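The chain contents come next:
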Amino acid sequence: MSRDRHGFSIRRRLTAQLLVVAAVLAGLLFYSIRTVADVAVEQTQDRILGAATLAIAEELRGGQDGIVIDIPYSAFSMLGALGNDRIFYRIEVNGELATGYADLPLPPTLPSGLDPEFYDSRYLGYAVRVAAVSRSVLVAGKTVPVLIVVAQTRSVQESIVAGLTNRALLLGLGFFGLAALLAVAMARSVLQPVNDLAGAVTRRGPQDLRPVKRQVPEELGPLVNALNGFIGRLSGALSRTETFIAEAAHYIRTPLTTLRAQSEIALRQTESDETKEHLRKIIRLADNTARSASQLLDHAAVIYRTDQRSDEALALDQVIADIVEAFRPSAEMRDIELGYHRPDTAVTIAADRLLIETVIRNLIDNAIKYSDELGAVEVALSAADGFARITVSDRGRGLGGMKLEALGNRFERGGNVQDVIGSGLGLSIVTEVARAYGGTLELTERKGGGACACFSLPLA
Ligand SMILES: Nc1ncnc2c1ncn2[C@@H]1O[C@H](COP(=O)(O)OP(=O)(O)OP(=O)(O)O)[C@@H](O)[C@H]1O
Ligand SMILES: [Mg+2]
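An unreviewed UniProt entry annotates the chain as histidine kinase of Tropicibacter oceani. UniProt, in the comment section headed Catalytic activity (unreviewed entry), describes the chain in these words: "ATP + protein L-histidine = ADP + protein N-phospho-L-histidine."

Take a look at the structure:
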């Protein structure tokens, strides 16, 4: 089946949708890990920076002569704990630089409480994190405001965050990979019941028109109900067709038989040659119509049966022998010798009896019909190369140069058979059956006059 007929694939679409969801979740995971890491690292740096700034503030001493600023070594060792960041400081007393870097950026507003205030800034081309704290110191009986500003470059913080970002990226990718595998497996398992149902319906034999009784998931219930409704209507239509074929056969043949019988009686009673001629034409037409009707009905039955085959093991030898015997009276009536060459071993095929009988009847019928009086028809059965071969040969008028390709068409008759009753459907019925079973039909002219039909079917 072509893909165009199928449209899109639910499995692919479902997988794609699950993958998009997985990608979004993986992205969110990455982003939140990064944000949390950023905040955590900054808070850690702030704590250390704040503690160092407070340690400097605690060492401020006031007195009569001024302020003693003694920067404790512990403050810098604390800041070095995280790594090799650069540290800058600035201490202002009464708004004037007491020690440190005069241009280190000051806080946007002066810190009021006892706790340090933190802010981001740039200094000497570095991004820095800054802590500022203010204190009042008593100098010669007066309180003097002191501002302590300590800045630290952020390279250690950035490298820690970069390391964590890499891990978050790996984690996100791993999460996505796992989710992708699960998505494929999930899409497959969700569609499994659909595939199971399709498989079960496909595996059915051609004449299995029972409703589907499998347990299916709730969502497939409407589909199975619709399928069962369809199967029900189909088998109803088929059985109506079967009845119709049988009834039509009856209603066409019965009046024709009566018409023919009445014409025969009239033919015997009449004296006028002209009327006799008319009556003969009527009888011939009735025969032709009866033949056409029965061949049309056979054709319909064959088409119906090729869809609804009930194949069985057929002993071909016996099937042919029975048909040959049934034809013997009509052959003898025309003094035609009807011979059957039986094989030594059994030839068995798996096929529908009605179809095979129709084929053999049509071939023998043609051979007898197109033979002259005192002719000979030979039927033979053999098996070779996995095929059963049925040949029917006669010494009749031959094909008149026509080929099977033309003669096998519906209603097609040879140019040399106008005097014989026929509808032109026999060979198309035979071809139909050959096609249904993977067999072949050959029809050839015989050396020395006559025709030979050969029908082959695969052996069971
Ligand atoms: N054994 C044969 N000898 C000569 N001609 C044949 C033979 N078998 C088939 N033909 C030719 O092939 C044509 C088609 O055969 P086919 O059996 O399909 O139709 P039919 O015999 O004319 O009619 P019917 O449907 O009643 O059998 C025949 O009309 C005839 O011309
Ligand atoms: Mg025929």
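Once that is clear, we can look at the UniProt feature "transmembrane region" (unreviewed entry) in the chain. Under the local residue numbering, the UniProt record ascribes the feature "transmembrane region" (unreviewed entry) to residues 168-187. The straight-line gap between the two end C-alpha atoms of residues 168-187 is 28 Å; of that span, 100% is helix and 0% is strand.

Take the nonpolar core next. Ranked by internal contacts, the top residues of the largest apolar core, which has 45 residues, are L316, I320, L338, I356, L363, I364 and F455. For L316, the residues in contact, after removing those within four places along its chain, are V347, I349, I356, L381, A388 and I390. Counting 18 residues, the second largest nonpolar core, distinct from the first, contains A52, I91, V137 and V139.

The next point concerns helix α2 (residues 10-58). For α2, with 49 residues, the first-to-last C-alpha span of 71 Å sits near the 72 Å given by 1.5 Å per residue. With a side-chain oxygen lying 3.3 Å from the backbone nitrogen of R11, the N-terminal cap of α2 falls on S9.

Take the environment of R233 next. For R233, the position within the fold is in helix α5 (residues 221-269). Separated by 148 residues in sequence, R233 and D85 place their C-alpha atoms 85 Å apart.

This part is about a negative patch on the surface. A grouping of E332, D335, D372 and E373 is seen on the molecular surface, where their side chains present a negatively charged patch. Under the relative-accessibility criterion, E373 is labelled exposed at 53%.

This next bit is on a nonpolar patch on the surface. Taken together, the side chains of V20, V21, V24, L25, L28 and F175 make up a nonpolar region of the molecular surface, amounting to roughly 530 Å² of accessible area. It is α2 that provides the largest number of residues to the nonpolar patch, a total of five residues. Note that L25 resides in helix α2.

In the vicinity of ligand 1 there are 22 residues, among which R291, Y370, R413, S423 and L427 approach most closely. A distance of 2.8 Å is found between an oxygen atom of ligand 1 and a side-chain nitrogen or oxygen belonging to Y370. Between ligand 1 and S423, the relevant distance is 2.7 Å, taken from an oxygen atom to a side-chain nitrogen or oxygen of the residue. When the free accessible area of ligand 1 is taken as 590 Å², the share hidden by the protein chains comes to 98%. If you map ligand 1 onto the pockets, it falls in the largest cavity. Elements that contribute at least two residues to the shell around ligand 1 include exactly α6 (273-307), α8 (353-369) and α10 (426-437). Top contributing element to the shell around ligand 1 by residue count: α8, with four residues. In terms of residue class, the shell around ligand 1 is made up of eight nonpolar, nine polar and five charged.

Here we come to the domain arrangement of the chain. You can read the domains of the chain as domain 1 (12-162), domain 2 (227-308) and domain 3 (310-460). Distance between the C-alpha centres of domain 1 and domain 3: 107 Å.

So, about the packing of α2 against helix α3 (residues 73-80). The contact between α2 and α3 brings their axes to 8 Å, and the two run at 175 degrees. By the criterion of interaxial angle, the relationship of α2 to α3 is roughly antiparallel. The residues of α3 that touch α2, namely those facing I48, L49, A51, A52, A55 and I56, are A75, M78 and L79.

In this structure the tally under the stated criterion is one cavity of 30 Å³ or more. Computed from the structure, the largest cavity encloses a volume of approximately 430 Å³. Lining the largest cavity we find 30 residues, and of these N366, Y370, L399, L427 and L443 sit closest to its centre. Of all the secondary-structure elements, those providing two or more residues to the lining of the largest cavity are α6, α8, β10 (387-394), α10 and β12 (451-458). The dominant element in the lining of the largest cavity, judged by the number of residues it contributes, is α8, at five residues.

Further remarks concern the packing of α8 against α10. Direction vectors running N to C along α8 and α10 enclose 145 degrees, while the axes themselves pass 9 Å from each other. Regarding α8 and α10, the two cross each other, and that crossing is left-handed. Listed contacts from α10 to L355, I356, T358, V359, N362, L363 and N366 of α8 are G426, L427, I429, V430, V433 and Y437. Across the contact of α8 with α10, the residue classes tally to nine nonpolar, four polar and no charged.

A word on the sheet that holds strand β5 (residues 142-153). The strand order across the open sheet built from five strands is β2-β1-β5-β4-β3, with neighbouring strands paired in antiparallel fashion. Looking at the sheet topology across the chains shown, the edges are occupied by β2 (96-100) and β3 (117-123). Across the sheet, the mean angle separating the axes of adjacent strands is 30 degrees when strand polarity is ignored. Sheet analysis places β3 next to strand β4 (residues 126-139), joined by seven bridges and oriented antiparallel. Across the sheet, residue Y123 finds its bridge partner in β4, namely Y126.

Thresholds applied
- Residues numbered from 1 in each chain as written.
- Chains lettered and ligands numbered in written order.
- Predicted model: local features only at pLDDT ≥ 70, side-chain atom pairs only at ≥ 80, totals over all residues.
- Heavy atoms only, no water.
- UniProt positions renumbered as here; feature names shortened; annotations may be inferred.
- Helix = DSSP H or I, 4+ residues; strand = E, 2+ residues; numbered from the N terminus.
- Core = buried A, V, L, I, M, F, W, Y, C linked by side-chain atoms within 4.5 Å.
- Buried < 20%, exposed > 50% of the residue type's maximum accessible area, 1.4 Å probe, protein only.
- Contact = heavy atoms within 4.5 Å.
- Expected span 1.5 Å × (residues − 1).
- Polar contact = N/O pair within 3.5 Å; in protein donor to acceptor, adjacent residues only side chain to side chain.
- Patch = residues over 30% accessible without salt bridge, like charges linked within 9 Å, V, L, I, M, F, W, Y side chains within 5 Å.
- Areas by Shrake-Rupley, 256 points an atom, 1.4 Å probe, with all protein chains shown as cover.
- Salt bridge = Lys/Arg side-chain N within 4 Å of Asp/Glu carboxyl O.
- Lys, Arg positive; Asp, Glu negative; His and termini not counted.
- Charge placed at Lys NZ, Arg CZ, Asp CG, Glu CD.
- Near = heavy atom within 4 Å.
- 1 Å grid on protein atoms, 1.4 Å probe; cavity = no way out; pocket = protein on both sides within 12 Å on 5 of 7 lines; lining within 4 Å.
- Sits in = over half its atoms within 2 Å of the grid points.
- Nonpolar A, V, L, I, M, F, W, Y, C, P; charged D, E, K, R; others polar.
- Domains from an automatic or database assignment.
- Axes fitted to C-alpha atoms, helices over the stretch in contact; angles between N-to-C directions.
- Parallel < 35°, antiparallel > 145°, perpendicular 65-115°, else oblique.
- Points joined across faces, edges and corners; volume = space filled by probe spheres on them.
- Left-handed = near helix turned anticlockwise from the far one by under 90°.
- Pairing = 2+ DSSP bridges.

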